[in-house]
Amino acid sequence: MPAVRGDGMRGLAVFISDIRNCKSKEAEIKRINKELANIRSKFKGDKTLDGYQKKKYVCKLLFIFLLGHDIDFGHMEAVNLLSSNKYSEKQIGYLFISVLVNTNSDLIKLIIQSIKNDLQSRNPIHVNLALQCIANIGSKDMAEAFGTEIPKLLVSGDTMDVVKQSAALCLLRLFRKSPEIIPGGEWTSRIIHLLNDPHMGVVTAATSLIDALVKKNPDEYKGCVTLAVARLSRIVTASYTDLQDYTYYFVPAPWLSVKLLRLLQNYTPPSEEPGVRGRLSECLETIFNKAQEPPKSKKVQHSNAKNAVLFEAISLIIHNDSEPNLLVRACNQLGQFLSNRETNLRYLALESMCHLATSEFSHEAVKKHQEIVILSMKMEKDVSVRQQAVDLLYAMCDKTNAEEIVQEMLAYLETADYSIREEMVLKVAILAEKYATDFTWYVDVILNLIRIAGDYVSEEVWYRVIQIVINRDEVQAYAAKTVFEALQAPTCHENMVKVGGYILGEFGNLIAGDTRSSPQVQFELLHSKYHLCSVATRALLLSTYIKLVNLFPEIKNRVQEVFKADSNLRSADVELQQRASEYLQLSIVASTDVLATVLEEMPAFPERESSILAVLKKKKPGRIPDDVRESKSPLPTVAPTAILNSTNNTNSSSADLLGLSTPPGSAAPTTGNGLLDVLGDLYTSTKISPSTVQQNNIKKFLFKNNGVLFENELIQIGVKSEFRQNLGRIGLFYGNKTQFPIQNVHPELHWTDLHKLNVQMKPMEPILEAGAQIQQMLTAECIEDFTDVPSMSVSFIYNNVPQKITMKLPLTLNKFFEPTEMNGESFFARWKNLGGEQQRAQKIFKAQGPIDLTGTRTKLAGFGMQLLDGIDPNPDNFVCAGIVHTKMQQVGCLMRLEPNKQAQMYRLTIRSSKESVSQEICNLLADQF
Amino acid sequence: MMQFMLLFSRQGKLRLQKWYVAHPDKLKKKITRELITTVLARKPKMCSFLEWKDVKVVYKRYASLYFCCAMEQEDNELLTLELIHRYVELLDKYFGSVCELDIIFNFEKAYFILDELVLGGELQETSKKNVLKAIAAQDLLQEDLNDGLLH
């Protein structure tokens with residue numbers, strides 16, 4: 001047993017030795033249970049324990065806890081120790097509390113009282129003990145109790161330095177728990193000036209506090225920039241003997257330097273003060289220069305500390321993104337690290353370079369290191385380093401090097417670690433699409449992806465290749481040929497069968513001229529895979545088969561045989577059975593013309609951001625650099641109308657992309673004369689148009705984004721809008737219904753919540769020719785939740801008579817909803833959590849007509865929240881969940897709508913974390929059903 | 001900000017845990033278990049940093065003991081490594097060539113020293129001298145009082 005320092009507790013040491021001597025897990029548990037029983041009886045016993053004994057037992061409990069056992073008693077005894085007048089007992093009491101008491105314990109009041117007493121103590125060591133306890137477990141209650149005292153302690157002239165240090169971090173903890181605790185006004189400047197404190201330890205602690213304050217309120221604390229730069233400058237120019245014990249292995253104050261550099265990353269470069277900016281640049285230059293100097297020590301601590309400062313300086317340079325020289329210098333420095341023998345340095349250099357690649361100033365410089373990065377991806381021994389290399393290749397890719405990088409990534413994928421394959425597949429798919437100049441190359445890459453790593457190719461990837469092939473005539477024949485060849489491999493991945501099935505079904509005719517890929521051969525090839533595939537793929541293939549019947553009437557009989565096969569027509573799977581029987585019927589009943597109409601080539605998909613990118617972003621939030629170089633390598637330009645067409649599809653793009661969930665066949669009624677019904681549905685649905693709206697009834701736009709906003713005998717104004725997060729694009733379409741031009745068209749926006757909702761209007765042509773339609777784009781950004789709906793007045797002159805129309809725009813708070821899926825358990829948990837008076841809003845209102853649950857359902861589906869089925873025990877009730885996206889915050893929102901058929905009433909309840917949101921959503925929905 | 005620090009042995013036995021974020025005990029146990037397994041599975045020459053769930057893990061092995069810190073994304077990895085080193089230096093100085101046993105038998109001291117170095121997940125004092133001074137002052141207070149008791 002090693003010697004025990006200070007006031008040793010013999011009993012504790014003996015107990016620990018006993019545990020260590022236990023030969024088995026069982027013996028250990030037995031010993032522990034014995035001890036727990038002993039302590040329990042001591043605590044319950046009649047004999048009052050003295051402080052030493054309490055301390056000893058509490059310490060034993062701590063040790064038992066450390067061994068991984070639950071401790072459910074002893075808290076009271078620990079709290080008693082807090083008021084002991086022996087320091088060692090007090091200290092153990094505090095230790096137990098900071099390790100074992102959670103913040104909502106019943107004992108918290110007692111603890112707060114003890115802390116209060118100790119804060120009053122004249123002995124700074126006692127004060128510090130109390131402060132440390134707050135800093136470790138501080139809660140809202142503590143913020144309330146100590147909110148006024150601690151700031152005073154922090155800035156007062158007669159507080160000792162050690163106490164100041166603890167007070168700063170204590171305040172930081174309380175600030176994180178309840179931000180309102182920081183006093184404003186003159187305190188701001190006093191806190192900022194801690195950066196000038198002569199004691200380096202105080203500055204170190206204070207910088208952490210200031211960093212958090214700045215994040216909350218950058219403008220108020222702007223003054224810290226000048227002081228931070230000055231302090232940093234003093235440190236980096238200091239010789240290592242100047243700072244005495246704050247020099248760490250010959251590096252002057254590395255921790256404080258890094259904190260200051262971090263602090264400065266909260267601001268844009270100090271441009272209004274050229275002096276400060278110049279001084280900062282000098283600091284950064286000095287840091288670079290020092291990095292080039294020969295090391296003052298061979299110890300790894302020296303180089304780590306030096307490089308830590310260097311990396312943080314580079315982060316700041318990247319953040320500022322304004323000094324090309326420094327950016328390029330950073331890049332060269334990191335380039336050297338790429339071949340350093342320290343794995344840690346290579347890892348960090350790759351990571352940091354990834355950020356440099358996104359700056360237009362340093363992108364080219366990063367590209368110079370492509371070869372070595374590719375080598376890192378292939379040769380590094382540590383998968384986390386290889387992962388960084390993959391990330392960097394992805395970030396440094398552009399039109400000039402895409403082919404090579406994609407090729408290398410594909411090659412590496414064959415042997416890549418399982419843990420990073422899926423992500424690599426996504427990355428390759430995105431790069432191939434983004435930088436494809438020749439889409440045949442793109443098709444090759446994706447098919448290769450499926451071949452090499454089929455299991456890791458998610459639905460989004462193969463949906464996307466089909467989207468692209470369908471939208472680009474020039475690759476269709478090539479895609480059909482390539483996929484046909486790929487399918488000839490004796491074993492091919494099911495994803496390949498899916499893509500092959502879809503593409504041949506659409507474009508098989510383009511290669512049918514070649515006898516090697518005649519219709520018969522195509523069909524047999526696909527069908528040879530059928531029995532090995534899952535139900536979903538089989539369903540897709542059945543659709544392909546009926547398409548082939550349309551393309552090649554000569555194989556109709558053969559296909560009908562397949563539909564008729566027992567395994568299909570009588571399949572145990574209802575989806576397969578339905579498809580087989582309906583397609584069979586369709587092939588028998590329909591004339592060639594009808595068949596051609598039903599199975600017409602798929603229309604082009606609306607252009608949209610790749611859904612793959614969304615998946616990648618979700619996988620690695622914050623780690624996928626937004627493409628800041630977009631101006632240099634623009635994505636294929638997207639016509640605004642095309643975006644508008646995709647309204648409502650964008651959210652569920654991956655799910656409904658191929659219409660797999662509602663295949664053409666399964667939409668057909670299964671009874672009676674199925675075929676006619678199919679067509680009937682098709683035709684009527686295209687005729688539905690809301691052109692009967694005579695006045696601007698904004699309420700109906702609550703539940704939809706497109707339609708006619710206003711119409712009279714002169715003019716029709718239509719709207720199409722789409723929303724994503726807190727942003728929206730609204731397209732207005734002005735149509736002139738007359739034989740004469742409409743002139744001086746002048747739209748104007750009015751709304752009062754300017755600071756809550758930002759709406760920008762693009763200029764438009766002032767003349768609307770007879771019979772013509774022009775469009776105008778508006779963009780909206782929701783800053784904070786709002787109630788005032790913007791209105792627009794359009795004045796114009798028709799036949800020399802001035803006219804003016806005023807209408808509300810369909811821009812209500814619910815447009816910024818993101819639907820949220822959740823299960824019953826989490827719904828009710830949240831529902832309960834949001835039970836406060838400030839969070840609820842409720843309205844009871846009369847139904848507008850007879851209660852129509854289907855109608856209500858349809859409306860709610862368009863409102864923007866997620867309808868959650870099977871959660872409310874009463875099946876007639878509706879519950880929904882969604883998140884309102886505003887720039888300031890995201891507000892989770894739950895809804896419950898309870899229809900009462902007898903009374904013809906509805907009760908609507910909204911709960912959200914923000915009162916005004918609950919109110920507004922409630923107001924919007926009231927009286928709507 | 002540091003979210004938590006774990007000290008564990010090569011056999012996977014936890015020697016010290018300090019949490020700066022509030023988690024239920026169950027979750028703490030789960031995190032501890034998983035992280036220990038992950039770190040122990042890594043080979044010696046591998047990089048000391050790893051992206052793990054939503055934290056950045058920085059770890060280093062000293063003899064039979066692993067020191068492992070979970071940091072936030074923006075924290076500086078290399079300096080975290082040196083923070084661990086500073087902690088080891090402090091233990092070493094205090095115990096005089098520290099070994100795993102010292103930490104087992106005097107775990108409360110290991111906590112007190114850590115509290116002087118890191119507070120609420122933020123670095124409090126980097127000067128070795130100042131930390132040791134603070135600890136010495138605490139010890140002195142204990143010994144004074146003990147003397148008082150004996151007489």
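Residues numbered from 1 in each chain as written. Chains lettered and ligands numbered in written order. Predicted model: local features only at pLDDT ≥ 70, side-chain atom pairs only at ≥ 80, totals over all residues. Heavy atoms only, no water.

Moving on to the overall build of chain B. Scanning chain B from terminus to terminus reveals five helices and seven strands. Going from the N terminus to the C terminus, chain B shows its helices and strands as β-β-α-β-β-β-α-α-α-β-β-α. Here chain B, with 151 residues, has 63% of them falling under the buried criterion. The long-range fraction of contacts in chain B, counting pairs at least 24 apart against all pairs at least 6 apart in sequence, stands at 48%. Working note: accessible area of chain B is about 5900 Å², and carbon and sulfur atoms make up 57% of it. (Helix = DSSP H or I, 4+ residues; strand = E, 2+ residues; numbered from the N terminus. Buried < 20%, exposed > 50% of the residue type's maximum accessible area, 1.4 Å probe, protein only. Contact = heavy atoms within 4.5 Å. Areas by Shrake-Rupley, 256 points an atom, 1.4 Å probe, with all protein chains shown as cover.)

Before going further, it helps to examine the interface of chain A and chain B. At the junction of the two partners, chain A supplies 79 residues and chain B supplies 61 residues. Buried surface at the junction of chain A and chain B, both sides included, amounts to about 6200 Å², of which 56% is carbon and sulfur. At the junction of chain A and chain B, the tally comes to six salt bridges. Residues Glu122(B) and Arg176(A) are paired through a salt bridge, measuring 2.9 Å at the closest nitrogen-oxygen approach. (Buried area = accessible area lost by both parts, 1.4 Å probe. Salt bridge = Lys/Arg side-chain N within 4 Å of Asp/Glu carboxyl O.)

Attention shifts here to a negative patch on the surface. A cluster of acidic residues, Glu403(A), Asp438(A), Asp473(A), Glu474(A), Glu600(A) and Glu601(A), forms a negative patch at the surface. With respect to the element layout, Glu601(A) can be found in the loop between α33 (592–598) and α34 (611–619). (Patch = residues over 30% accessible without salt bridge, like charges linked within 9 Å, V, L, I, M, F, W, Y side chains within 5 Å. Lys, Arg positive; Asp, Glu negative; His and termini not counted. Charge placed at Lys NZ, Arg CZ, Asp CG, Glu CD.)

Okay, unusual backbone geometry next. Residues and elements named next belong to chain A. Here the phi dihedral of phenylalanine 250 falls at roughly 70°; this positive angle occurs in a residue that is not glycine. Topologically, phenylalanine 250 is positioned in the loop between β1 (247–248) and β2 (251–252). Given the relative accessible area of 33%, phenylalanine 250 is considered partly exposed.

Of all hydrophobic cores here, the largest spans 278 residues; its most connected members are Ile111(A), Ile115(A), Met142(A), Phe146(A), Tyr545(A), Tyr87(B) and Phe107(B). Apart from residues lying up to four places away in sequence, Tyr87(B) is in contact with Met5(B), Leu7(B), Leu16(B), Phe67(B), Ala110(B), Tyr111(B), Ile113(B), Leu114(B) and Leu117(B). Counting residues in hydrophobic clusters, the runner-up holds 61 residues, among them Leu709(A), Leu757(A), Phe845(A) and Phe878(A). (Core = buried A, V, L, I, M, F, W, Y, C linked by side-chain atoms within 4.5 Å.)

Glancing now at the environment of Asn117(A). Residue position: Asn117(A) is located in helix α6 (residues 108–120). The spacing of Asn117(A) and Ala130(A) is 13 residues in sequence and 8.8 Å in space, taken between C-alpha atoms.

The next subject is the packing of aromatic side chains. Residues and elements named next belong to chain A. The tally for this structure, following the rule as stated, stands at 28 aromatic pairs over all chains. Look at phenylalanine 786 and phenylalanine 816: their rings are 6.2 Å apart centre to centre, the planes differ by 75°, and that puts the pair in the edge-to-face class. Of this pair, phenylalanine 786 sits in the loop between β8 (773–782) and β9 (791–798) while phenylalanine 816 sits in the loop between β10 (801–808) and β11 (817–819), and the two are 30 residues apart along the sequence. Cluster of aromatic residues (ring-pair linked, three or more members): Phe703, Phe817, Phe845, Phe863, Tyr906 and Phe929. (Phe/Tyr/Trp six-rings, centres within 6.5 Å; stacked < 30°, edge-to-face > 60°.)

All names here are of chain A. Strands sit in the order β3-β4-β5-β8-β7 across an open sheet of five strands; the sheet is antiparallel. Looking at which strands have only one partner, the edges of the open sheet turn out to be β3 (706–711) and β7 (757–761). Each strand axis lies, on average, 25° off the axis of its neighbour in the sheet, ignoring direction. As paired elements, strand β4 (residues 715–724) and strand β5 (residues 727–736) share ten bridges and run antiparallel to each other. Note on β5: the bridge partner recorded for isoleucine 715 is asparagine 736. (Pairing = 2+ DSSP bridges. Axes fitted to C-alpha atoms, helices over the stretch in contact; angles between N-to-C directions.)

Moving on to the sheet that holds strand β5 (residues 65–71) of chain B. Residues and elements named next belong to chain B. Sheet architecture is open: five strands sit in the order β2-β1-β5-β4-β3, paired in antiparallel fashion. Looking at which strands have only one partner, the edges of the open sheet turn out to be β2 (14–19) and β3 (49–52). Geometrically, the sheet is characterised by an average inter-axis angle of 20° between neighbouring strands, direction not taken into account. Relative to strand β4 (residues 55–62), β3 runs antiparallel, the two being bridged by four bridges. Bridged to phenylalanine 49 within β4 is valine 58.

Another point: the side chain of Ser178(A). Position of Ser178(A) among the secondary structure elements: in the loop between α10 (161–177) and α11 (186–192). Once residues within four sequence positions are removed from consideration, Ser178(A) is found in contact with Lys140(A) and Ala143(A).

It is worth spelling out the pairing of β8(A) at this point. Residues and elements named next belong to chain A. Across nine bridges, the pairing between β5 and β8 is antiparallel. Each residue of the ladder has a partner; that of tyrosine 734, found in β8, is isoleucine 774. In this sheet, β8 lies alongside β7 in antiparallel orientation, the contact comprising five bridges. Among the inter-strand pairings, asparagine 758 is bridged to a residue of β8, identified as glutamate 781.

This brings us to the packing of helix α1 (residues 10–21) of chain A against helix α2 (residues 25–44) of chain A. In helix packing, the relevant descriptors are the interaxial angle and the interaxial distance, both defined with respect to the helix axes. Residues and elements named next belong to chain A. Following both chains from N to C, one finds α1 and α2 inclined at 155°, their axes separated by 8 Å at the closest point. Viewed along their axes, α1 and α2 adopt a mutual orientation that is roughly antiparallel. When the axes of α1 and α2 are compared, the crossing they make is right-handed. Taking contact as the criterion, the partners of Phe15, Asp18 and Ile19 in α1 are, on α2, Glu28, Arg31, Ile32 and Glu35. Its residues assigned to classes, the contact of α1 with α2 shows three nonpolar, no polar and four charged. (Parallel < 35°, antiparallel > 145°, perpendicular 65-115°, else oblique. Left-handed = near helix turned anticlockwise from the far one by under 90°. Nonpolar A, V, L, I, M, F, W, Y, C, P; charged D, E, K, R; others polar.)

Quick look at the environment of Cys47(B) now. With respect to the helices and strands, Cys47(B) occurs in the loop between α1 (25–40) and β3. Judged by relative accessible area, Cys47(B) falls into the buried class, the value being 0%. Residues Cys47(B) and Tyr59(B), twelve residues apart in the sequence, show an inter-C-alpha distance of 9.2 Å. The contacts of Cys47(B), once residues within four sequence positions are left out, are Thr343(A), Asn344(A), Tyr347(A), Asp382(A), Val385(A), Arg42(B) and Tyr59(B).

On to the confidence of the model for chain B. Here chain B averages 91 in pLDDT, and 94% of its residues register 70 or above. Scored below 50 in pLDDT, residues 147–151 of chain B shows one contact in the model against residues more than four places distant or in partner chains. (pLDDT = per-residue confidence, 0-100.)

With that settled, consider the pairing of strand β15 (residues 890–900) of chain A. Residue and element names in this part refer to chain A. Along β15, eight of the eleven residues are buried, which leaves the element largely enclosed by surrounding structure. Relative to β15, strand β14 (residues 878–885) runs antiparallel, the two being bridged by eight bridges. The residue bridging valine 879 from the neighbouring strand is arginine 896, located in β15. What sits between the antiparallel neighbours β14 and β15 is a turn of four residues.

Another aspect to go through is α1(A). Here α1(A) spans 16 Å end to end across twelve residues, near enough to the 16 Å set by a 1.5 Å rise per residue. Among all positions in α1(A), only Leu12(A), Ala13(A), Phe15(A), Ile16(A), Ser17(A) and Ile19(A) are buried. Of the surrounding elements, those touching the buried residues of α1(A) are α2 and α3 (51–66) of chain A together with α3 (100–105) and α4 (107–117) of chain B. (Expected span 1.5 Å × (residues − 1).)

A few words on helix α26 (residues 473–487) of chain A. Residue and element names in this part refer to chain A. Helix length check: α26 (15 residues) gives 22 Å between terminal C-alpha atoms against 21 Å at 1.5 Å per residue, within 8%. Taken together, the buried positions of α26 are Val475, Gln476, Ala479, Ala480, Thr482, Val483, Phe484 and Leu487. In this fold, the buried residues of α26 make contact with α24 (439–453), α25 (459–471), α27 (494–507) and α28 (519–530).

Right, let's talk about the confidence of the model for chain A for a bit. Residues and elements named next belong to chain A. Averaged over every residue, the pLDDT of chain A is 84; the share at 70 or more is 90%. This model gives residues 1–6 a pLDDT under 50, and the stretch forms twelve contacts once residues within four places in sequence are excluded. This model gives residues 626–695 a pLDDT under 50, and the stretch forms 102 contacts once residues within four places in sequence are excluded.

The tally for this structure, following the rule as stated, stands at zero disulfides over all chains. The closest cysteine sulfur to the non-disulfide-bonded Cys492(A) is located on Cys533(A), 8.1 Å from its own sulfur. (Disulfide = S-S within 2.5 Å.)

All names here are of chain A. Orientation of α25 relative to α27, taken along the N-to-C sense of each, is 20°, at an axis distance of 10 Å. One element, α25, and the other, α27, form an angle in the roughly parallel class. In this structure, α25 meets α27 at a crossing whose hand is right-handed. Here Trp462, Val465, Ile466, Val469 and Ile470 of α25 come into contact with α27, specifically with Asn495, Lys498, Val499, Tyr502, Ile503 and Phe507.

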